[in-house]
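A structural walkthrough
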Number of protein chains: 2
Amino acid sequence: MEKKLTESIEDYIETIYLESQKHGKGVRITDVALELKVSKASANDAVRKLKELGYVEHERYGQIYLTETGKDRAVKVYEKHRLITEFLVKSLDVSLPNAEKDACGIEHIISEETFEKMKAYLDQ
Amino acid sequence: MEKKLTESIEDYIETIYLESQKHGKGVRITDVALELKVSKASANDAVRKLKELGYVEHERYGQIYLTETGKDRAVKVYEKHRLITEFLVKSLDVSLPNAEKDACGIEHIISEETFEKMKAYLDQ
DNA sequence: CGTTTTGGTTAGCTTTGACTAATTATATAA
DNA sequence: TTATATAATTAGTCAAAGCTAACCAAAACG
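Residues numbered from 1 in each chain as written. Chains lettered and ligands numbered in written order. Predicted model: local features only at pLDDT ≥ 70, side-chain atom pairs only at ≥ 80, totals over all residues. Heavy atoms only, no water.

As annotated in an unreviewed UniProt entry, chain A carries the name Winged helix DNA-binding protein and is attributed to Acetobacterium malicum. The UniProt entry for chain A carries this comment under Sequence similarities (unreviewed entry): "Belongs to the DtxR/MntR family." (UniProt positions renumbered as here; feature names shortened; annotations may be inferred.)

Residue and element names in this part refer to chain A. Contact pair helix α4 (residues 68-92) / helix α6 (residues 112-123): the axes reach a minimum separation of 10 Å and the direction vectors enclose 60 degrees. When the axes of α4 and α6 are compared, the pair comes out oblique. Crossing of α4 against α6: the hand is left-handed. Along the contact surface, α4 presents Lys80, Leu83, Ile84, Glu86, Phe87, Lys90 and Ser91, while α6 presents Glu112, Phe115, Met118, Lys119, Tyr121 and Leu122. (Axes fitted to C-alpha atoms, helices over the stretch in contact; angles between N-to-C directions. Helix = DSSP H or I, 4+ residues; strand = E, 2+ residues; numbered from the N terminus. Parallel < 35°, antiparallel > 145°, perpendicular 65-115°, else oblique. Left-handed = near helix turned anticlockwise from the far one by under 90°. Contact = heavy atoms within 4.5 Å.)

Below, the discussion takes up the protein's contact with DNA strand C. Around DNA strand C, a shell composed of 20 residues is seen, among which Thr30 and Asn44 of chain A together with Thr6, Ser39 and Ser42 of chain B lie nearest. Considering the 4 Å shell around the protein, atoms of DNA strand C inside it are sugar or phosphate in 75% of instances. Separating a phosphate oxygen of DNA strand C from a side-chain N or O atom of Ser42 of chain B is a distance of 2.5 Å. Here a sugar or linking oxygen of DNA strand C sits 3.2 Å away from a polar atom, N or O, in the side chain of Tyr61 of chain B. Looking at the surface near DNA strand C, the elements with two or more residues in it are α2 (29-36) and α3 (40-52) of chain A together with α1 (7-23) and α3 (40-52) of chain B. Ranked by residues supplied to the surface near DNA strand C, first place goes to α3 of chain B with four residues. Grouping the amino acids of the surface near DNA strand C by side-chain chemistry returns seven nonpolar, seven polar and six charged. (Near = heavy atom within 4 Å. Polar contact = N/O pair within 3.5 Å; in protein donor to acceptor, adjacent residues only side chain to side chain. Nonpolar A, V, L, I, M, F, W, Y, C, P; charged D, E, K, R; others polar.)

Our focus in this paragraph is unusual backbone geometry. Located in the positive-phi region is Lys37 of chain A, a residue other than glycine, with phi close to 55 degrees. A residue is classified by how much of its surface remains accessible, and Lys37 of chain A, at 76% relative accessible area, is exposed. (Buried < 20%, exposed > 50% of the residue type's maximum accessible area, 1.4 Å probe, protein only.)

Rendered as structure tokens:
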């Protein structure tokens, strides 16, 4: 069983993943800070934690890269996010911005069962 | 617009409401602590905060009573909880324990739009 | 090539929400 | 009515997650 991450750390890893996809390269502290609307100091703290957890590589003043484990982890978080958003839009006709916003919170707390059932609903 | 409460405070007010309904009388620090599985010290802190916010009445060593405002607030939180649980059960066939658990997290973060649409779904 | 701008880091502080341990009240029972 | 048990409070600690301000490194420009 995977170690549970805090919500905050899940957000950071997800953001690093999305930014690296977007630009096809390593990500900077500043990108993360801007994207999550936190100070660079906070982004820096989080990256240090992610490094300790073995999810990213990062050296002083350098770019941030996800490790294999980190990427696996990020993809899972992001897929959850995507799927919940889709569920809210398709099943309830929630507007995309609100669906995104809600998914962003729900992704961290939902049970495996509910998640699987949303998946099943969308697979029909 | 109502002042936003923290998730933790919403849980406390909801618990006080449910316990007072269950026994038809004032609630004790110990009841709250047991129900939420926190220490009595934590329950005590929370009750102090709720008192400062004007949501409960409580004097040293005494019972806790919701004020009118407190009760209104608690009912809203609880209704949200109930409705989300029902939505998960009826729309996705999630088991009651998981639906309860998920609702407990979702109730604090969901947008007004999504909530209204769940309500509409259940009203059909 | 030196200076300015941008980016990153560090130190130290704040808040929230929990905890334990020790203490003080109240209630119950011998 | 005194002793014991239960309940509540207080003081002090901790971790998470943010912040600002000050400082240091690297890059870009003139």
